[in-house]
Amino acid sequence: MKSFNPKPWFMPQAVIVIGTYDADGTPNAMNAAWAGTWDNDKIVISLGNHQTTVNLGNNPEFTVAFATADTVVSADYVGIVSGRKQKDKVARTGWTVEKATEVNAPVFTDFPMTFECRVEKKIDESATGCYVVAKIVNIVVDEKYLAEDGKPDLGKMRLITFDPVHMGYLEIGKRVGNAFADGKKLK
């Protein structure tokens, strides 16, 4: 085994696109990878000092879309271009934008699944950023990504994960087991 110094190599890392509105109502988006589940109906996101952070200070509601192999170029773009410098960056992606049904935030319909969220608290808030804990108030899924049981089919979505080791994106692959079931073989 080879040893490495500590790095943020926690894997897999969902590639999410956070949607907010600027103060003038312009849709804004940023790519983030440092996020995860906080509880059954909550998420946590590590945010630096971005236009999104400013927007959340003005309006604590936002959306989280999950990037796919089909959206990798535009999702990467909103991560490398600042909303402070490029006011029309969402328009440049070509995404279709709708207002969320449960929160005051944009939904980018080019993504298969979107969480509508509301900030519950910020942790360690400073000039350089914070951790945002948010309640998921609604989940919207494009019907073409539903399984026969009516629930989201993650296999159809072609979701991507961030590779922090080689700075790339990988498409999440095939099902290899059954949670809460396969381990019973060792009982």
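About the criteria used
Residues numbered from 1 in each chain as written. Predicted model: local features only at pLDDT ≥ 70, side-chain atom pairs only at ≥ 80, totals over all residues. Heavy atoms only, no water. Helix = DSSP H or I, 4+ residues; strand = E, 2+ residues; numbered from the N terminus. Rg over C-alpha atoms; globule rule 2.2 N^0.38 Å. Buried < 20%, exposed > 50% of the residue type's maximum accessible area, 1.4 Å probe, protein only. Contact = heavy atoms within 4.5 Å. Areas by Shrake-Rupley, 256 points an atom, 1.4 Å probe, with all protein chains shown as cover. Lys, Arg positive; Asp, Glu negative; His and termini not counted. Charge placed at Lys NZ, Arg CZ, Asp CG, Glu CD. Pairing = 2+ DSSP bridges. Salt bridge = Lys/Arg side-chain N within 4 Å of Asp/Glu carboxyl O.

**Structural notes on the overall build of the chain**
Tallying secondary structure elements over the chain gives 4 helices and 12 strands in all. Scaling as 2.2 N^0.38, a compact globule of 187 residues should have a C-alpha radius of gyration of about 16 Å, and the chain matches this with 17 Å. Dimensions along the principal axes, computed over C-alpha positions, put the chain at roughly 55 × 45 × 30 Å. Among the 187 residues that make up the chain, the fraction classed as buried is 38%. In the chain, 59% of the contacts between residues at least 6 apart in sequence involve partners at least 24 apart. When the accessible surface of the chain is totalled, it reaches about 11300 Å², and 54% of it is carbon and sulfur. Across the chain, the mean location of the 22 positive side-chain charges is 6 Å away from that of the 23 negative side-chain charges.

**Focus: the pairing of strand 9 (residues 113–126)**
In this sheet, strand 9 lies alongside strand 6 (residues 61–66) in antiparallel orientation, the contact comprising 5 bridges. When the bridges of strand 9 are listed, phenylalanine 62 appears paired with cysteine 117. Pairing analysis gives 11 bridges linking strand 9 to strand 10 (residues 129–141), with the strands arranged antiparallel. Following the sheet pairing, methionine 113 is matched in strand 10 by valine 141.

**Some thoughts on the pattern of salt bridges**
Taken as a whole and judged by the stated rule, the model has 10 salt bridges. Ionic pairing is found between aspartate 24 and lysine 87, a salt bridge with its closest N-O pair at 3.4 Å. Note that aspartate 24 is positioned in the loop between strand 2 (16–21) and strand 3 (27–32) and lysine 87 in the loop between helix 2 (72–80) and helix 3 (89–93), a separation of 63 residues in sequence. With a relative accessible area of 54%, aspartate 24 lands in the exposed category. Among the ionic pairs, lysine 42 bridges to glutamate 120, the shortest N-O distance being 3.9 Å. Here lysine 42 is found in strand 5 (residues 42–48), whereas its partner glutamate 120 is found in strand 9, with 78 residues between them in sequence. A relative accessible area of 16% means that lysine 42 is categorised as buried. In this structure glutamate 120 comes out as partly exposed when scored by relative accessible area, which is 43%. Shared partners join several salt bridges into a network, and the residues in it are Asp41, Lys42, Glu120 and Lys135.

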